[in-house]
Amino acid sequence: MKKPLIIALDFAGKDEVNRFLTHFENEKLFLKVGMELFFQEGPSIVYELKEKGHEIFLDLKLHDIPNTVKSAMKGLAGLGCDMVNVHAAGGKAMMEAALEGLEAGRGSGKRPFCIAVTQLTSTSEQQMNSEQLIPVTLNESVLHYASLAKEAGLDGVVCSSLEAREISARLGESFLTVTPGIRLLTDDAGDQKRVATPKFARAEGASAIVVGRSITKSENPFEKYIQCKQSWEGVLNEA
Ligand SMILES: O=c1ccn([C@@H]2O[C@H](COP(=O)(O)O)[C@@H](O)[C@H]2O)c(=O)[nH]1
């Protein structure tokens, strides 16, 4: 994977997506389809975006018993997306089952990358300790989930940029660290707790950044996309 900037298409439906994409006429993008859009539009949204030449991260964060996740992944494998994910909290057996499902469903096609969410970037250490009753540091929890994902054979994790460096150091550079919670310095963090700039994410060795509202809610989405891209590529001197 070539260090993509992935745009989170958190929209209610196709019309909004198509309106948004008019700002990106000749760009081939890496787009994230999440629950909001997929639950509204179903598989056709993936087919249509792929048809336009975009790469797709289908971010449905599966978390269920192994048998259910395996069957669901078998279905998702046929959609032609480039990346899918699960919650590492579902456990090693569930993650192994996800891979089995993807292998079973891919036919002659390429298996999409399969990554695991560690701790959501909207979770703080205090919240994790008090609500999930996980009595370790957030860093430890993320590293533990990342190790579990690696043992299960997954291709990488979703984590914040703050944990990317240590994950790569422990689990290897080829183990993907896909990092949401990305903001330029002047952007509002909103519900995100573990936030960083694209430039910081690159310095910490993140494999990919996921940017949603900073671009999608901007008055000039293309200009904001270019700013984020330049910060990610180290061209724009955003701290
Ligand atoms: O830990 C996670 C896992 C997934 N996400 C998703 O990324 C985008 C981020 O959107 P922003 O508007 O840039 O905050 C969103 O689709 C989340 O579902 C995440 O933020 N954190």
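Predicted model, so just to flag it, every value in this text is computed and none were measured. (Residues numbered from 1 in each chain as written. Predicted model: local features only at pLDDT ≥ 70, side-chain atom pairs only at ≥ 80, totals over all residues.)

Draft legend 1. Seen up close, the overall build of the protein. Within the protein, the regular secondary structure consists of eleven helices and eight strands. For 239 residues, the compact-globule estimate of 2.2 N^0.38 gives 18 Å, and the protein sits close to it at 17 Å. Its C-alpha atoms put the protein at 45 × 40 × 30 Å along the principal axes. Here the protein, with 239 residues, has 42% of them falling under the buried criterion. Put simply, of all contacts in the protein between residues at least 6 apart along the chain, 68% involve residues at least 24 apart. (Helix = DSSP H or I, 4+ residues; strand = E, 2+ residues; numbered from the N terminus. Rg over C-alpha atoms; globule rule 2.2 N^0.38 Å. Buried ≥ 20, exposed ≤ 12 C-beta atoms within 10 Å, placed from the backbone. Contact = placed C-beta atoms within 7 Å.)

Draft legend 2. View of the nonpolar core. Judged by nonpolar contacts, the single largest core of 65 residues is most densely connected at A98, I115, A116, V157 and I209. The dominant element in this core, judged by the number of residues it contributes, is helix α7 (residues 138–151), at six residues. Excluding residues within four positions of it along the chain, A116 makes contact with N85, V86, H87, A88, M95, Y145, A149, L154 and V157. (Core = buried A, V, L, I, M, F, W, Y, C linked by C-beta atoms within 7 Å.)

Draft legend 3. Just unusual backbone geometry, in detail. Its identity as a non-glycine residue notwithstanding, K61 has a phi of 45 degrees, on the positive side. Tracing the chain through its elements places K61 in strand β3 (residues 55–62). According to the C-beta neighbour criterion, K61 is partly exposed, with 17 such atoms within 10 Å.

Draft legend 4. Just the UniProt feature "domain: Orotidine 5'-phosphate decarboxylase" (unreviewed entry) in the protein, in detail. UniProt tags residues 4–228 as "domain: Orotidine 5'-phosphate decarboxylase" (unreviewed entry). From the first C-alpha to the last, residues 4–228 spans 11 Å; its make-up is 44% helix and 17% strand. (UniProt positions renumbered as here; feature names shortened; annotations may be inferred.)

Draft legend 5. Broad picture of the site of the ligand. Close to the ligand lie 16 residues; A8, T121, P180, G212 and R213 are nearest. Looking at the shell around the ligand, the elements that each hand over two or more residues are β8 (208–211) and α10 (213–216). (Near = placed C-beta within 6 Å.)

Draft legend 6. Region of the structure containing the packing of helix α4 (residues 66–77) against helix α5 (residues 92–105). Where α4 meets α5, the closest approach of the two axes is 7 Å, and the angle between their N-to-C directions is 30 degrees. With respect to α5, the element α4 is oriented roughly parallel. Of the two possible hands of crossing, α4 and α5 adopt the one that is right-handed. Where α4 approaches α5, its residues P66, N67, V69, K70, S71, A72, M73, K74, G75 and A77 are matched on the opposing element by A93, M94, A97, A98, E100, G101, L102, A104 and G105. (Axes fitted to C-alpha atoms, helices over the stretch in contact; angles between N-to-C directions. Parallel < 35°, antiparallel > 145°, perpendicular 65-115°, else oblique. Left-handed = near helix turned anticlockwise from the far one by under 90°.)

Draft legend 7. Representation of the packing of α7 against helix α8 (residues 161–171) within the structure. Running from N to C, α7 and α8 point in directions that differ by 40 degrees, and their axes come no closer than 10 Å. Relative to α8, the element α7 lies oblique. Along this stretch, α7 crosses α8, giving a crossing that reads as right-handed. Along the contact surface, α7 presents N139, V142, L143, A146, S147 and K150, while α8 presents E163, E166, I167, R170 and L171.

Draft legend 8. Molecular detail of the environment of V84. The residue V84 is located in strand β4 (residues 83–87) in this model. Judged by local crowding, V84 falls into the buried class, with 25 C-beta atoms found within 10 Å. In sequence terms V84 and L102 are 18 residues apart; their C-alpha atoms lie 9.5 Å from each other. In contact with V84, other than residues within four places in its own chain, are L58, M73, L76, P112 and C114.

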